[in-house]
Amino acid sequence: MTDEDKELNRELRKLQRKAKRLILSDFYDSVKLSDLQYEVLRKLTNADTHKDINTYLWNSGTIQLVLKQIEEQVNEMKKAARRDNPYD
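Notes on the structure in this doc start here. (Residues numbered from 1 in each chain as written. Predicted model: local features only at pLDDT ≥ 70, side-chain atom pairs only at ≥ 80, totals over all residues. Heavy atoms only, no water.)

Focus on the overall build of the protein chain
Counting its regular elements, the protein chain contains four helices and zero strands. Ordered by position from N to C terminus, the α and β elements of the protein chain give α-α-α-α. At 15 Å, the protein chain has a C-alpha radius of gyration far larger than the 12 Å of a compact globule built from 88 residues. Counting only C-alpha atoms, the protein chain reaches 55 × 25 × 20 Å along its principal axes. Across the protein chain, the fraction of contacts at a sequence separation of at least 24, relative to all contacts at a separation of at least 6, is 73%. (Helix = DSSP H or I, 4+ residues; strand = E, 2+ residues; numbered from the N terminus. Rg over C-alpha atoms; globule rule 2.2 N^0.38 Å. Contact = heavy atoms within 4.5 Å.)

Dropping the structure here:
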């Protein structure tokens, strides 16, 4: 395994940790995912190495964009929950 492969696998693990954090959020069940977002998330979470992910997805920033979109939805749900229940 080359140094580049090791670096890409470290980046994969970082993205997987972020995805896991979002999925385990109490608000994830309220997130609405498009088919594309769902497939990108599925491929990311099931990958063992960076080579398990399509090169286009890896290089285009699509994975990061999808995670950002999910994170924004989760944050909106959190804000809405705080507005609805200010004593919580």
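Here we look at the environment of K18
Note on placement: K18 falls in helix α1 (residues 3–23). The sequence separation of K18 and K32 amounts to 14 residues, and the corresponding C-alpha distance is 18 Å.

Structural notes on helix α2 (residues 35–46)
For α2, built from 12 residues, the straight-helix expectation of 16 Å at 1.5 Å per residue is met to within 8% by its first-to-last C-alpha distance of 16 Å. Buried residues of α2: Q37, V40, L41 and L44, and no others. For α2, the angular spread of buried residues about the axis comes to 95 degrees, placing them on one side. In α2, the exposed positions angled more than 90 degrees off the buried face are occupied by D35 and N46. Buried residues in α2 make contact with α1, α3 (55–60) and α4 (62–84). (Expected span 1.5 Å × (residues − 1). Buried < 20%, exposed > 50% of the residue type's maximum accessible area, 1.4 Å probe, protein only. Arc of directions from axis to C-beta.)

Here's the deal with the packing of α1 against α4
Between α1 and α4, the least distance of the axes is 10 Å, while the angle of their chain directions is 20 degrees. In terms of their interaxial angle, α1 and α4 are classed as roughly parallel. Where α1 crosses over α4, the handedness of that crossing is left-handed. Here E11, L15, K18, A19, R21 and L22 of α1 come into contact with α4, specifically with I63, Q64, L67, I70, E71 and V74. Per-class residue counts for the contact of α1 with α4 are seven nonpolar, one polar and four charged. (Axes fitted to C-alpha atoms, helices over the stretch in contact; angles between N-to-C directions. Parallel < 35°, antiparallel > 145°, perpendicular 65-115°, else oblique. Left-handed = near helix turned anticlockwise from the far one by under 90°. Nonpolar A, V, L, I, M, F, W, Y, C, P; charged D, E, K, R; others polar.)

Structural notes on the nonpolar core
L44, I53, I63, L67 and I70 are the most contacted members of the largest nonpolar core, which has 18 residues in total. Of all elements in the fold, only α1, α2, α3 and α4 reach the threshold of two or more residues within this core. Of the residues forming this core, the biggest block, five residues, is contributed by α4. Beyond its immediate stretch of four places on either side in the chain, I70 contacts L22, Y28, V31, L33 and L41. (Core = buried A, V, L, I, M, F, W, Y, C linked by side-chain atoms within 4.5 Å.)

Section: the side chain of N9
Relative to the assigned elements, N9 resides in helix α1. Of the residues examined, N9 reaches a relative accessible area of 11% and is grouped as buried. Contacts of N9, omitting those with residues within four sequence positions, involve M1, T49 and H50.

Geometry only, nothing functional implied.
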